[in-house]
Amino acid sequence: MIASGRWTRSLAAVAAAVLLAACSSEKSHTLTFDVTGEGSFAITYVINGRSTTEPQVSPPWRKDITLAEQGEDTWSLSIRHLGAGSVSAVAYVDGRLITRTAGSGSSGGGTSSLSGSVD
């Protein structure tokens, strides 16, 4: 039996919608860290267990990271004050605010951190 043109178009539209939904959940994401404040900091970020440290950073500091295309990605950001000053940090995924933190330190003390995961 041959399906009518109307049925075939409807089935094709449903198949396309299912495929689009499946593909959209497996697309890559962009994680963005924005750090502002005063003073200098040591910044360490960990993406899926891989750690990177920038030993002396002056704000503003921004980092865009492309996350994997499949599965869950975990991340964290740690900011250690190297002297007196204040800090504010924000994390975005695909331009959408995920979390933020703020703090201040004196005489080389204080740490601020963020963490999360993305499916």
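Residues numbered from 1 in each chain as written. Predicted model: local features only at pLDDT ≥ 70, side-chain atom pairs only at ≥ 80, totals over all residues. Heavy atoms only, no water.

> What's the story with the overall build of the chain in this structure? I'm lost.
Tallying secondary structure elements over the chain gives 1 helix and 8 strands in all. Within the span of the chain, comprising 119 residues, buried residues form 29% of the whole. Counting contacts in the chain only where the partners sit at least 6 residues apart, residues at least 24 apart contribute 64% of the total. Accessible surface for the chain amounts to roughly 7400 Å². Of this, 52% is attributable to carbon and sulfur atoms. (Helix = DSSP H or I, 4+ residues; strand = E, 2+ residues; numbered from the N terminus. Buried < 20%, exposed > 50% of the residue type's maximum accessible area, 1.4 Å probe, protein only. Contact = heavy atoms within 4.5 Å. Areas by Shrake-Rupley, 256 points an atom, 1.4 Å probe, with all protein chains shown as cover.)

> Explain the pairing of strand 1 (residues 29-37) here, please?
Residues in a regular strand point their side chains to alternate faces of the sheet. In terms of strand pairing, strand 1 meets strand 4 (residues 61-67) through 7 bridges, oriented antiparallel. Within the sheet, the bridge partner assigned to Thr30 lies in strand 4 and is Thr66. Across 7 bridges, strand 1 lies against strand 6 (residues 85-93) in antiparallel orientation. Along strand 6, the bridge assignment pairs Gly37 with Val87. (Pairing = 2+ DSSP bridges.)

> How should the sheet that holds strand 5 (residues 73-81) be read in this particular structure?
Within a sheet, neighbouring strands are paired by backbone hydrogen bonds and run either parallel or antiparallel to one another. Read across the sheet, 4 strands follow the order 3-2-5-8 without closing on themselves; strand pairing throughout is antiparallel. Here the strands that pair on one side only, and so sit at the sheet edges, are strand 3 (50-57) and strand 8 (111-118). Between one strand axis and the next, the sheet turns through 10° on average, direction left out of account. Inspection of the sheet shows strand 5 paired to strand 8 by 8 bridges, in the antiparallel sense. Each bridged residue has a counterpart across the sheet, and for Ser78 the counterpart in strand 8 is Ser113. (Axes fitted to C-alpha atoms, helices over the stretch in contact; angles between N-to-C directions.)

> Looking at this model, I keep getting lost on unusual backbone geometry. Mind explaining?
Across the chain, the bulk of peptide bonds are trans and the bulk of non-glycine residues have phi less than zero. Put simply, Pro59 and Pro60 share a cis peptide bond, and its omega is 0°. Secondary-structure assignment places Pro60 in the loop between strand 3 and strand 4. With phi around 50°, Asn48 is a residue other than glycine that occupies positive phi space. With phi around 55°, Asp94 is a residue other than glycine that occupies positive phi space.

> Can you walk me through the pattern of salt bridges in this structure?
As enumerated under the stated definition, the model contains 2 salt bridges in all. Note that Asp64 and Arg62 form a salt bridge whose closest N and O atoms lie 3.7 Å from each other. Linked through salt bridges whose partners overlap, the residues forming this network are Asp34, Arg62 and Asp64. (Salt bridge = Lys/Arg side-chain N within 4 Å of Asp/Glu carboxyl O.)

> Quick question: what am I supposed to make of the nonpolar core here?
The tendency in soluble globular proteins is for nonpolar side chains to be buried side by side. Ranked by internal contacts, the top residues of the largest apolar core, which has 20 residues, are Phe33 and Leu77. Listing elements by their share of this core, those giving two or more residues are strand 1, strand 2 (41-47), strand 4, strand 5, strand 6 and strand 8. Beyond its immediate stretch of four places on either side in the chain, Phe33 contacts Tyr45, Trp61, Arg62, Lys63, Ile65, Trp75, Ser76, Leu77, Val90 and Ala91. (Core = buried A, V, L, I, M, F, W, Y, C linked by side-chain atoms within 4.5 Å.)

Geometric values such as these leave the question of function open.
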